[in-house]
Amino acid sequence: PIARSIAKVPIFMSSMVQSPMISVAFDKYDQILVLTANSNTLGPQKEVLLSHCGFDVDDDRFIIRGCQDVPGFEAVAKGDKVDVEYVTPGIVKLV
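Quick caveat: nothing in here was measured; it's all calculated off a predicted structure.

Draft legend 1. Summary view of the overall build of the protein chain. Helices and strands together make up the secondary structure of the protein chain, namely 5 helices and 2 strands. Starting at the N terminus and ending at the C terminus, the protein chain contains elements arranged as α-β-α-α-β-α-α. Overall size of the protein chain, expressed as C-alpha extent along the three principal axes, is 40 × 35 × 20 Å. With 95 residues in all, the protein chain has 24% of them scored as buried. Pairs at least 24 residues apart make up 62% of the contacts formed inside the protein chain by residues separated by at least 6 positions. Roughly 7100 Å² of accessible area belongs to the protein chain as shown, and the carbon and sulfur atoms make up 57% of that amount. A distance of 5 Å separates the average location of the 9 positive side-chain charges in the protein chain from that of its 12 negative side-chain charges.

Draft legend 2. Structural detail: a nonpolar patch on the surface. On the surface, a cluster of nonpolar side chains totalling about 270 Å² of accessible area is made up of Leu33, Leu35 and Val95. Of note, Leu33 is situated in strand S1 (residues 32–36).

Draft legend 3. Seen up close, the environment of Leu50. Mapped onto the elements of the fold, Leu50 is located in helix H3 (residues 46–53). Each C-alpha atom, one on Leu50 and one on Val87, is 30 Å from the other, the two residues being 37 residues apart in sequence. What Leu50 contacts, discounting residues up to four positions off in sequence, is Phe55 and Asp56.

Quick notes on the rules
Here the residue numbers are simple positions, counted from 1 along each chain's written sequence. Under the rules for a predicted model, residues below a pLDDT of 70 receive no local features and side-chain atom pairs below 80 are neither given nor counted, while totals for whole chains, interfaces and linings still include all residues. Each side-chain value is derived from all of the structure's non-hydrogen atoms; neither hydrogens nor water enter the calculation. Each helix is a run of DSSP H or I of at least 4 residues and each strand a run of E of at least 2, with the numbering of both proceeding from the N terminus. Each residue is assigned to one of three classes by its accessible area relative to the maximum for its type, calculated with a 1.4 Å probe on protein chains only: buried under 20%, partly exposed between the two thresholds, exposed over 50%. The criterion used for residue contact is that any of the two residues' heavy atoms lie within 4.5 Å. A 1.4 Å probe and the Shrake-Rupley method give the accessible areas. Residues count as covered only by the protein chains that appear here. Charge assignment: positive for Lys and Arg, negative for Asp and Glu; neither His nor the chain ends contribute. In plain terms, the charge of a residue is placed at NZ if it is Lys, CZ if Arg, CG if Asp and CD if Glu. Like-charged residues within 9 Å of one another, or nonpolar side chains (Val, Leu, Ile, Met, Phe, Trp, Tyr) within 5 Å, are grouped into patches, provided each residue has over 30% relative accessible area and no salt bridge. Criterion for a salt bridge: a side-chain nitrogen of Lys or Arg within 4 Å of a carboxyl oxygen of Asp or Glu.

Structure, rendered in structure tokens:
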């Protein structure tokens, strides 16, 4: 279920809700990098992100990179703690 349907206070489960605010803070031609745990699972959520967050996944301003292939980042999918020191070189290479 959507968290807000059961919560009694505002819920912001994703940093993606900040995307509309971030986009207006920059020039309309600037591009903004979005790192996500898994870009494959972000795609199917695009209608929810657009309707509930105002974030258009297909907007050319946003460059979306998934970290799912970064060695050590599979910890996110498993619900484990990410070893930041181990994954950092892979993330740097990704961007």
